[in-house]
Amino acid sequence: MRLRRSAGASVGNLTSQFWANVYLNELDQFVKRQLRCPAYLRYVDDFLLFADDKRQLWAWKDAIRARLAALRLTIHERESTVYPVTTGIPFLGFRVYPDHRLLKRRNGVAFARRLRGWRRLVVRRKLTLADLTPRVRGWIAHASHGDTWGLRRALLARETFEVSQTSKV
């Protein structure tokens, strides 16, 4: 389930995770103490609840929706639904299964597109390899939390970053 709010700290803000923990502590306490959900996971504004009973999950969703309304927050309806874990649960850019995680296709496609753009900037000397390296390593660090060895190898093998000896990169 994703939360939506019309105003607030931007997602890219360095304090976003901290303020999400402060602001959503009330949600955490509600889910654990009042709903008594035995398996609850939240990272910033994305959260998962696990149960064996589908009706229980739908009831919890309604209760959470009401509780969040008191905080002037809403659930992102399109992204909050009940899934059987065997079909995989979308979470933090991955589809999470009981025994593995796959990167969402659109994340791999978006990175490939960014990588091609960065290559063009390196060739035009508008981006240095020193500035490129942390960008690529950041994506690799994220993607490596899933079963992506082949994807990472394929994407990174496609793009080469040759810099001539006379370039200032």
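From a predicted model like this one, the values you see are computed outputs, not experimental measurements. (Residues numbered from 1 in each chain as written. Predicted model: local features only at pLDDT ≥ 70, side-chain atom pairs only at ≥ 80, totals over all residues. Heavy atoms only, no water.)

Colleague: I'd like a description of the pattern of salt bridges, backed by residues and values.
Modeller: In total, this model carries five salt bridges according to the counting rule given. Of the charged contacts, one joins Asp28 and Arg42 as a salt bridge, the two residues approaching to 2.8 Å between their closest N and O atoms. Taken as a pair, Asp28 in helix H1 (residues 16-34) and Arg42 in strand S2 (residues 39-43) lie far apart in primary sequence, 14 residues in all. Side by side, Asp28 and Arg42 carry an identical accessibility label, which is buried. We note a salt bridge from Arg65 to Asp62, for which the minimum N-O separation is 2.8 Å. Of this pair, Arg65 and Asp62 both sit in helix H2 (residues 54-70), three residues apart, which is roughly one turn of that helix. Residue Asp62 is classed as partly exposed on the basis of its relative accessible area of 44%. (Salt bridge = Lys/Arg side-chain N within 4 Å of Asp/Glu carboxyl O. Helix = DSSP H or I, 4+ residues; strand = E, 2+ residues; numbered from the N terminus. Buried < 20%, exposed > 50% of the residue type's maximum accessible area, 1.4 Å probe, protein only.)

Colleague: Lay out the nonpolar core with the relevant residues and their values.
Modeller: Ranked by size, the top nonpolar core spans 16 residues in total, and within it Leu27, Val31, Tyr40, Leu49, Ile64 and Leu68 carry the most contacts. Elements represented by at least two residues in this core include exactly H1, strand S3 (46-50) and H2. Grouped together as the second largest cluster of nonpolar side chains are 13 residues, Phe94, Leu103, Leu115 and Val136 included. (Core = buried A, V, L, I, M, F, W, Y, C linked by side-chain atoms within 4.5 Å.)

Colleague: Summarise empty space enclosed by the protein; cite the residues concerned and give the values.
Modeller: Applying the stated criterion across every chain yields a total of one cavity of 30 Å³ or more. Lining the largest cavity are Ala112, Leu115, Arg116, Leu155, Arg158 and Glu159. Sorting the residues of the lining of the largest cavity by element identifies helix H3 (105-123) and helix H5 (149-158) as the ones contributing at least two each. For the lining of the largest cavity, the element with the highest residue contribution is H3, accounting for three residues. For the lining of the largest cavity, the per-class residue count stands at three nonpolar, no polar and three charged. (1 Å grid on protein atoms, 1.4 Å probe; cavity = no way out; pocket = protein on both sides within 12 Å on 5 of 7 lines; lining within 4 Å. Points joined across faces, edges and corners; volume = space filled by probe spheres on them. Nonpolar A, V, L, I, M, F, W, Y, C, P; charged D, E, K, R; others polar.)

Colleague: Explain the packing of aromatic side chains residue by residue, including any values.
Modeller: Geometry of an aromatic ring pair is reported as the spacing of the ring centres plus the angle between the planes. A full pass over the atoms with the stated rule returns four aromatic pairs. Aromatic side chains Phe18 and Trp19 sit 4.9 Å apart centroid to centroid with 75° between the ring planes, which places their arrangement in the edge-to-face category. Note on Trp19: relative accessible area 48%, which makes it partly exposed. Geometrically, the ring pair formed by Phe111 and Trp139 is stacked, given 3.9 Å between the ring centres and 5° between the ring planes. Taken as a pair, Phe111 in helix H3 and Trp139 in helix H4 (residues 129-143) lie far apart in primary sequence, 28 residues in all. Of the two residues, Phe111 and Trp139, neither departs from the other in class, the shared state being buried. Linked through ring pairs, Phe111, Trp118 and Trp139 together constitute an aromatic cluster. The ring of Tyr83 has Arg95 sitting right over it, with the charged end atom 5.9 Å from the ring centre. (Phe/Tyr/Trp six-rings, centres within 6.5 Å; stacked < 30°, edge-to-face > 60°. Lys NZ or Arg CZ within 6 Å of the ring centre and 35° of its normal.)

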